[in-house]
Amino acid sequence: MAKNISYSCSACGAVTTKWSGRCESCGEWNTIHEDKAISSGPKKKTLGGHRGKTINLTDLATEEKEPPRTHAGVGELDRVLGGGLVKASALLVGGDPGIGKSTLLLQAAARFARNGLKVIYISGEESSAQVQMRARRLGLTESPVQLASETNLRDILTTLETEKPDLAIIDSIQTMWADNVESAPGSVSQVRASAHELTNFAKRHGIAVIMVGHVTKEGAIAGPRVVEHMVDTVLYFEGERGHQFRILRAVKNRFGPADEIGVFEMTGKGLAEVKNPSALFLSDRGDPAPGSVVFAGIEGSRPMLCEIQALVAPSPHSQPRRSVVGWDGGRLAMILAVLESRCGVPFAGLDVYLNVAGGLRISEPAADLAIAASLISAREDAALPKDTVIFGEISLSGALRPVAQTENRLKEAEKLGFTSAISSHSHKKHATSGINLRQMTDLAGFVEEVFGAR
Ligand code: TYD
Ligand code: MG
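Residues numbered from 1 in each chain as written. Chains lettered and ligands numbered in written order. Predicted model: local features only at pLDDT ≥ 70, side-chain atom pairs only at ≥ 80, totals over all residues.

Let me state the cut-off plainly: UniProt positions are given in the numbering used here, feature names are shortened, and annotations may be inferred rather than shown by experiment.
Looking up the protein in an unreviewed UniProt entry gives the name DNA repair protein RadA, with the organism given as Cognatiyoonia sediminum. The protein has a UniProt comment under Sequence similarities (unreviewed entry) that states "Belongs to the RecA family. RadA subfamily."

See the structure below:
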């Protein structure tokens, strides 16, 4: 029987079925190596498979429907996890270096340990003494978390097998080194092999494994992207370095909704959860300024208000600048094109800067109308009333499309003291009494009504 051997390139991670001296994907020489499996236990026989157990789909009622979960007791974290940590699952927490991943996970480790889980925190970046120092700063020295400083994957698996924890945290996957893979720690093949072994181990032994992965701005090839499809849950920890806000976002979750976010604030004593993010994102708003608009958004399952700022100025360049922070550049180009061709508001010869305040990143199309309002307000140097929120999706024809969860958006706005709202047209009646809602069907009508005829 032919052996199932695969080879991979230690430089770019390409997988092939035959060895060659030069990688066909990246052109590097002598980087193709055979992939071998690693295990802490004795080798398993691969010949003569066992008959797998199957169950009837209709018998599901007899099995547990909801996986058992452990709560961290931190609302922002539990929500992102889909309601708590699931046994025998593998998670990846990615983020820029220095954004606060180690801090978050050390705090989470302490919370889970206090809630009865046996937790091991394995750092490949810091010595145990350094982790202890950090724990002292965070006021976590009372928590029964076991620490280890180790990078050899084989040793780590053996440790986990003897210690039998409920949760193991690996900080970070880029420092792990599988001795059966012939490339340097941090390379694609090492990261992939380590993540694969750890994920398998989690499933086989029923423990939860959280892996930390650094991403670089260029989305480095050895980054956590190669790991995403292996694990059950992928969380990204984001935020602007200069801001104190940090957002933990679920981009994939087999045990809960994706797109859920948790908001934290980085303080001198670690990360604090932010229970009312809207209030925080709007807290430093002064008098209404041209280009500033409040968008009533939905992040995951909860409404969130945030401020959108735009600056439009005559451009000294032959090709005017389009600079965006916190929103999609392509979507901005689309809105500018619709404003120009459907509403007669040209932006040619003008530099456009767009920013979502507080370091938040929005991906909802419902923000289109708020973005358009912000752009026109900046261009016309006309501030919008301070007590108004705006939301609605813009289509290429210039029509305004209805968006989901209008009621929740309005309720959040009312809670924060807003008195009026402008949105795209929807077919449902809304009962939010404290808000004067104006619904519009097309962008040209909106421009005319809000900014006057031009
Ligand atoms: P860290 O968790 O080490 O980041 P990562 O693991 O993602 O690389 O966080 C490092 C940053 O966090 C560092 O710039 C200092 C800051 N920080 C605080 O502001 N307060 C604190 O209590 C801690 C522990 C860190
Ligand atoms: Mg770290």
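## Looking at the overall build of the protein
Using the following cut-off: The numbering of helices and of strands both runs from the N terminus, where a helix is a DSSP run of H or I of at least 4 residues and a strand a run of E of at least 2. Exposure classes come from backbone-placed C-beta atoms, where a residue is buried if 20 or more other C-beta atoms lie within 10 Å of its own, exposed if 12 or fewer do, and partly exposed in between. Note on contacts: each residue gets a C-beta atom placed from the backbone, and two residues are in contact if those atoms are within 7 Å.
Counting its regular elements, the protein contains 11 helices and 23 strands. Summarising its shape, the C-alpha atoms of the protein cover approximately 80 × 55 × 50 Å along the three principal directions. Here the protein, with 454 residues, has 41% of them falling under the buried criterion. When contacts within the protein are restricted to residue pairs at least 6 apart in sequence, long-range pairs at least 24 apart make up 65% of them.

## Considering the sheet that holds strand β2 (residues 15-16)
Here is the rule: For two strands to pair, DSSP has to find at least two bridges joining them.
With antiparallel pairing, three strands are arranged side by side in an open sheet as β2-β1-β3. Two strands lie at the open edges of the sheet, namely β2 and β3 (32-34), each paired on one side alone. For strand β1 (residues 7-9) and β3, the ladder comprises three bridges, and the chain directions are antiparallel. Bridge assignment links Cys-9 to a residue of β3, and that residue is Ile-32.

## Thoughts on the environment of Cys-306
Within the secondary structure, Cys-306 sits in strand β16 (residues 302-314). Cys-306 gets classed as buried once you count the C-beta atoms within 10 Å, which come to 23. Counting along the chain gives 29 residues from Cys-306 to Pro-277, while the straight-line C-alpha distance between them is 8.8 Å. With residues up to four places along the chain from it excluded, the contact list for Cys-306 reads Phe-281, Phe-295, Gly-297, Val-356, Ala-357, Gly-358 and Leu-360.

## Regarding the site of ligand 1
Put simply, the rule reads: Put plainly, near means the residue's C-beta atom, positioned from the backbone, lies within 6 Å of the molecule or strand in question. For this classification, the nonpolar set comprises Ala, Val, Leu, Ile, Met, Phe, Trp, Tyr, Cys and Pro, the charged set comprises Asp, Glu, Lys and Arg, and every other residue, Gly included, is treated as polar.
Near ligand 1 you find 15 residues, and of these Gly-100, Lys-101, Ser-102, Thr-103 and Gly-270 are the closest. Breaking the shell around ligand 1 down by element, the ones donating at least two residues are α2 (101-114) and α3 (128-137). With three residues, α2 is the largest single contributor of residues to the shell around ligand 1. When its residues are assigned to classes, the shell around ligand 1 shows four nonpolar, seven polar and four charged.

## Concerning the domain arrangement of the protein
Rules: These domain limits were set by an automatic method or by a database of domain assignments.
Domain annotation of the protein identifies domain 1 (1-35), domain 2 (69-274) and domain 3 (280-451). Measuring from the centre of the C-alpha atoms in domain 2 to the corresponding centre in domain 3 gives 36 Å. Contacts between domain 2 and domain 3 engage 11 residues on the former and eight residues on the latter.

## Regarding the UniProt feature "domain: RecA family profile" (unreviewed entry) in the protein
Using the residue numbers shown here, the UniProt feature "domain: RecA family profile" (unreviewed entry) corresponds to residues 66-215. In residues 66-215, helix accounts for 39% and strand for 21%; the two terminal C-alpha atoms are 32 Å from one another.

## Points about the sheet that holds strand β8 (residues 145-149)
We count it as follows: To obtain each axis, a line is fitted to C-alpha atoms, and for helices this fit is confined to the stretch in contact; angles are then taken between N-to-C directions over 0 to 180 degrees.
Spatial ordering of the open sheet is given by β8-β7-β9-β10-β6-β11-β12-β13-β14, a layout of nine strands whose pairing is mixed. On the outer flanks of this sheet lie β8 and β14 (270-273), each paired with one strand and no other. Geometrically, the sheet is characterised by an average inter-axis angle of 25 degrees between neighbouring strands, direction not taken into account. Pairing between strand β6 (residues 90-95) and strand β10 (residues 208-214): six bridges, direction parallel. Bridging across to β10, Gly-94 finds its partner in Gly-213. Docked against the sheet, α3 engages β7 (119-123) and β8, running at close to 140 degrees with respect to β8.

## Section: the pairing of β6
The buried count for β6 comes to six of six residues, which makes it a mostly enclosed element. Side chains Ala-90, Leu-92 and Gly-94 project from β6 onto one buried face, and the interleaved Leu-91, Val-93 and Gly-95 project onto a second face that is buried too. Of the strand pairs in this sheet, β6 and strand β11 (residues 233-238) are connected by five bridges, and their pairing is parallel. Along β11, the bridge assignment pairs Leu-91 with Thr-233.

## Comments concerning the environment of Arg-249
Summarising the element assignment, Arg-249 is placed in strand β12 (residues 245-253). We classify Arg-249 as buried; it has 22 C-beta atoms within 10 Å. In sequence terms Arg-249 and Trp-177 are 72 residues apart; their C-alpha atoms lie 28 Å from each other. The contacts of Arg-249, once residues within four sequence positions are left out, are Leu-235, Tyr-236, Glu-238 and Ile-261.

## Points about the packing of helix α4 (residues 153-163) against helix α5 (residues 188-205)
For clarity, the cut-off: Any angle between 65 and 115 degrees counts as roughly perpendicular, while under 35 counts as roughly parallel, over 145 as roughly antiparallel, and the rest as oblique.
For the pair α4 and α5, the least separation of the axes is 11 Å and the interaxial angle reads 10 degrees. Judged by the inter-axis angle, α4 sits roughly parallel to α5. For the pair α4 and α5, the contacting residues are Leu-153, Leu-157 and Leu-160 in the first and Ser-194, Glu-197 and Phe-201 in the second. Residues that form the contact of α4 with α5 fall into these classes: four nonpolar, one polar and one charged.

## Things to note about helix α8 (residues 329-343)
Cut-off, in case you're wondering: Take the number of residues in a helix, subtract one, and multiply by 1.5 Å to get its expected span. The arc under discussion is defined with respect to the helix axis, by the directions toward the C-beta atoms.
Its 15 residues place the ends of α8 20 Å apart at the C-alpha level, agreeing with the 21 Å of an ideal helix rising 1.5 Å per residue. For α8, every residue scored as buried is listed here: Leu-332, Ile-335, Leu-336, Val-338, Leu-339 and Cys-343. On an axial view of α8, the arc spanned by its buried residues comes to 160 degrees, and they lie on one face. For α8, exposure combined with an orientation more than 90 degrees from the buried face picks out Gly-329, Gly-330, Ala-337 and Ser-341. The secondary structure elements touched by the buried residues of α8 are β17 (322-325), β18 (350-356), α9 (368-380), β20 (393-394) and α11 (443-451). Positive backbone phi, approximately 65 degrees, marks Gly-344, located one or two places after α8.

## Quick notes on the packing of α8 against α9
The test is simple: For any pair of crossing helices, the crossing counts as left-handed if the nearer helix is rotated counterclockwise from the farther one by less than a right angle, and right-handed if it is rotated clockwise.
Here α8 crosses α9 at 65 degrees, and the two axes come no closer than 10 Å. At the point where α8 passes α9, the crossing takes the right-handed sense. Between α8 and α9, the contacting residues are Leu-332, Ile-335 and Leu-339 on the first element and Asp-368, Ile-371, Ala-372 and Leu-375 on the second. Classifying every residue of the contact of α8 with α9 by side-chain character gives six nonpolar, no polar and one charged.

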